[in-house]
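Survey of secondary and tertiary structure
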Amino acid sequence: CNLLQLALQALEYVVEKSGASERQRLLKLVVKCLQCCVYCITKTVSFISFYGFIYVAVEGDGFCWSCKKAFGLLGAQTIVNAVLQRLLLLLIGLTTPIGCAVSAFFYLQSLPDYVAEYSPVYAGVLVFLLAFFITSSTCQ
């Protein structure tokens, strides 16, 4: 990765020393894109090496085999994050409307004038539906 960074810095230096033209702007854009790619590769290799060393220390396997396991961990971690995100959205999507409906029901039931004239159950159902639609539209 250091060799890639050195080559990119040399290319950036050459582009910087060339004249200001439309072609130079295109070269600067290409250099910036290459720098972004090298940064991503560097971070990925750093992540895999870090967890590869942990696998070496814990299991005593070779470094390459441990890096392969670390790379598999990277894929498994994304799946776990997606599942957890879905579960949290489901939890938020259900607890918020239920909490709002129960709160509205008990508040309206504590008002004697309201209970004498209306049923707090209908208001609770309406609050549940409204809270459900609002929650489902904002938590996606």
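The model shown is predicted, which means the values in this text are computed figures rather than measured ones. (Residues numbered from 1 in each chain as written. Predicted model: local features only at pLDDT ≥ 70, side-chain atom pairs only at ≥ 80, totals over all residues. Heavy atoms only, no water.)

1. So, the overall build of the protein chain
Rule in force here: Counting from the N terminus, the helices are the DSSP runs of H or I reaching at least four residues and the strands are the DSSP runs of E reaching at least two. We take the radius of gyration over the C-alpha atoms and set the globule estimate at 2.2 Å times the residue count to the 0.38 power. Classification of residues uses two cut-offs on accessible area relative to the type maximum, computed with a 1.4 Å probe and protein chains only: under 20% is buried, over 50% is exposed, and between them is partly exposed. Residue contacts follow a heavy-atom distance rule, with two residues in contact if any of their heavy atoms lie within 4.5 Å. Note on areas: Shrake-Rupley with a 1.4 Å probe; residue coverage comes only from the protein chains shown. When charges are counted, neither His nor the chain ends are considered; positive counts come from Lys and Arg and negative counts from Asp and Glu. A single reference atom marks each charge: NZ on Lys, CZ on Arg, CG on Asp, CD on Glu.
Assigned secondary structure in the protein chain consists of five helices and zero strands. The order of α-helices and β-strands along the protein chain, N terminus first, is α-α-α-α-α. Rg of the C-alpha trace for the protein chain: 29 Å, well past the compact-globule value of 14 Å for 140 residues, more than 25% over. Here the C-alpha coordinates of the protein chain stretch approximately 85 × 55 × 15 Å along the principal axes. Burial status across the protein chain gives 14% buried among its 140 residues. The long-range fraction of contacts in the protein chain, counting pairs at least 24 apart against all pairs at least 6 apart in sequence, stands at 38%. With an accessible surface of roughly 10700 Å², the protein chain has 72% of that area assigned to carbon and sulfur atoms. Where the 9 positive side-chain charges of the protein chain centre and where its 7 negative ones centre are 18 Å apart.

2. Structural notes on helix H3 (residues 63-109)
An α-helical turn contains 3.6 residues, so a residue and the one three or four places further along point in the same direction. Worth spelling out the cut-off: In this scheme, a helix's expected span is set at 1.5 Å multiplied by one less than its residue total.
Over its 47 residues, H3 runs 67 Å from end to end, which matches the ideal 69 Å to within 8%, given 1.5 Å per residue. Along H3, the residues classified as buried are Ser 66, Cys 67, Ala 70, Gly 93, Pro 97, Ala 101, Ala 104 and Leu 108.

3. Regarding the pattern of salt bridges
We count it as follows: A carboxyl oxygen of Asp or Glu within 4 Å of a side-chain nitrogen of Lys or Arg is what we treat as a salt bridge.
Summed over the entire model, instances satisfying the criterion amount to two salt bridges. With a closest N to O distance of 2.5 Å, Glu 59 and Lys 69 form a salt bridge. In this pair, Glu 59 is assigned in helix H2 (residues 22-59) and Lys 69 in helix H3, connecting sequence segments 10 residues apart. By relative accessible area, which is 40% here, Glu 59 ends up partly exposed. Note that Lys 69 and Asp 61 form a salt bridge whose closest N and O atoms lie 2.8 Å from each other. Salt bridges linked by common partners bring Glu 59, Asp 61 and Lys 69 together as one network.

4. Some points on the packing of aromatic side chains
Basically, it comes down to this: Under the pairing criterion, centres of Phe, Tyr and Trp rings, with the six-membered ring standing for Trp, must be within 6.5 Å; the plane angle then separates stacked pairs below 30 degrees from edge-to-face pairs above 60, leaving the rest tilted.
As enumerated under the stated definition, the model contains seven aromatic pairs in all. Between Phe 50 and Tyr 51 the ring centres are 5.2 Å apart and the planes differ by 80°, which places this aromatic pair in the edge-to-face class. A ring pair is formed by Phe 128 and Phe 132, whose centres lie 6.3 Å apart and whose planes are at 15°; its orientation type is stacked. Taken together, the residues span about one helical turn, with Phe 128 and Phe 132 both in helix H5 (residues 120-138) at a distance of four residues. Three or more aromatic residues joined by ring pairs form one cluster here, namely Phe 47, Phe 50 and Tyr 51.

5. Description of the confidence of the model for the protein chain
Caution applies to low-pLDDT regions: their predicted coordinates should not be interpreted in detail. Let me state the cut-off plainly: One number per residue, pLDDT, summarises how confident the predictor is, and it ranges from 0 to 100.
Averaged over every residue, the pLDDT of the protein chain is 83; residues scoring 70 or more account for 94%. Looking over the protein chain, one finds the lowest element-wise mean pLDDT in helix H1 (residues 2-17), namely 74, and the highest in H5, namely 91.

6. As for the environment of Leu 26
By the element assignment, Leu 26 lies in helix H2. The spatial distance from the C-alpha of Leu 26 to the C-alpha of Val 102 is 61 Å, given a sequence separation of 76 residues.

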